[in-house]
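Observations on the model geometry
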Amino acid sequence: MPPLLIPFRMAAPAKVLPMAVKLGLDPDLVAEVVNGSTGKSYASEVFVPNIPKGEFESGYPMKAAYKDMICAATSSAEQRIPLPVLAAATATYQQALQQGHGKLDKGAMILPNEKLLQVEFRMEDFHAAGGVGAVLREPKPLLHLDTIDIEGVTLAERLAASLDWINRSVIPSADDPVSEVGGLIALKRSLAPDGAIFKRAAASPELFEIEGRAVVFTGLEDLSRRIDDPDLDVKADDILVLQNARPEGATMPEAGYLPIPEKLARQGVKDMVRISDARMSRTAFGTIVLHVAPEAAIGGRLGAVRTGDCIRLSVANKRIALPVDDIEIAQPLASHRQPSVPKRGYEALYRRSVLQAPHGCDFDFLVGDVEGGQDNQSETC
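In what follows, the accompanying structure is described. Source: prediction; values computed, not measured.

1. Some details on the pattern of salt bridges
Side chains carrying opposite charge are able to pair once their charged atoms draw close together. Tallied over the entire structure, the rule returns 12 salt bridges. In this structure, the salt-bridge partner of R226 is D222, at a minimum N-O distance of 2.7 Å. One end of the pair is R226 and the other is D222, both in helix 10 (residues 220-226) and 4 residues apart, which spans about a single turn. Classification of D222 as buried rests on a relative accessible area of 8%.

Shown next as structure tokens:
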């Protein structure tokens, strides 16, 4: 029975992970969620983490597992015991075998579904296309070529080495970019006096200029408790706001990717404006303002936002603002109290020393010195 259960448990991720990537989710994060929930199994622990990496050569070959499944299917037919799950898993295996993946392990079941959904370019494809070296050669005139790596080699020397081939369908040239404008921009104004980051390349252009009603979540627990509540008062043109999810508020989780509320997702809503002082995965999709600084936990203006407030986003003008005066913003913050700092332990060290987003969320004692002995806290993001 165990040889059959593992293929069953691998067939589901083979369908779900390509769909997650198609929807803009980080496959590594999805695998982490699976293994941190009731979906966890031996198969998900051993094989699923390897799928986003494209590592399909360490396990039991699919063609051998397929033989076990055919034997089980034959027995179920002889005994007249219907096994619809076996039939579905067998069909998934057949697709992979027909495409020549029989010698790979069970994780490779994902490959036909990737092809079907047109989800492409794993990291090994990026490496084969020329890798980081190919990317760095494009902005070479703008780089500090005297930078030395861990082996003592300068960036100029690295980039002087010959590069046999670049796949321009994976790594476009600077003369033929994916987009004419940059992938990231910094936003400022009243909601983010010290700035915020907007990943324009992953956002929906129709939401670039918008004014909407805020729907506020005061932290990760509040978000988890209410985001899928069928009675949540939220509409597609509202703006979701997550507070207290940054370095001091929540030790910087990848919480910036606020999910679409379930009631809206069921209506077909794929994207909406979301604002957070958190971060999110580099591969996630959505019209999302991140790294709002200062963070809400230390009295930042994001903490002044209440459900029903109006928020204005303008990508053209690089603004994220509450269209009210400073006095109105200050009123909700008057009673703010920063979280207490523990007296000892790592959390005490962290809370005393972590910097805000404009300074890279580094520890203050790790920041390098510049001439004159002054700490270099120039903006890094």
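Here the narrative resumes.
2. With respect to the nonpolar core
Counting 26 residues, the largest nonpolar core has F198, V241, I275, V289, I311, L313 and I320 as the members making the most contacts within it. Where this core is concerned, the elements lending two or more residues are strand 1 (184-187), strand 2 (196-199), strand 3 (209-217), strand 4 (239-242) and strand 7 (310-314). Broken down by element, this core gets its largest block of residues, 3 residues, from strand 3. In this view, F198 contacts G183, L184, I185, L187, A203, F208, T287, I288, V289, L313 and V315; residues no more than four positions away in its chain are not counted. M69, Y93, A96 and A108 belong to the second-largest nonpolar core, a separate cluster that totals 21 residues.

3. Comments concerning unusual backbone geometry
In this structure, the amide linkage connecting A293 to the following residue, P294, adopts the cis form with an omega of -5 degrees. The phi angle at R189 is positive, at roughly 100 degrees, despite the residue not being glycine. Here R189 is to be found in the loop between strand 1 and strand 2. Located in the positive-phi region is K318, a residue other than glycine, with phi close to 55 degrees. On the secondary structure map, K318 appears in the loop between strand 7 and strand 8 (319-321).

Parameters and conventions
- Residues numbered from 1 in each chain as written.
- Predicted model: local features only at pLDDT ≥ 70, side-chain atom pairs only at ≥ 80, totals over all residues.
- Heavy atoms only, no water.
- Salt bridge = Lys/Arg side-chain N within 4 Å of Asp/Glu carboxyl O.
- Helix = DSSP H or I, 4+ residues; strand = E, 2+ residues; numbered from the N terminus.
- Buried < 20%, exposed > 50% of the residue type's maximum accessible area, 1.4 Å probe, protein only.
- Core = buried A, V, L, I, M, F, W, Y, C linked by side-chain atoms within 4.5 Å.
- Contact = heavy atoms within 4.5 Å.

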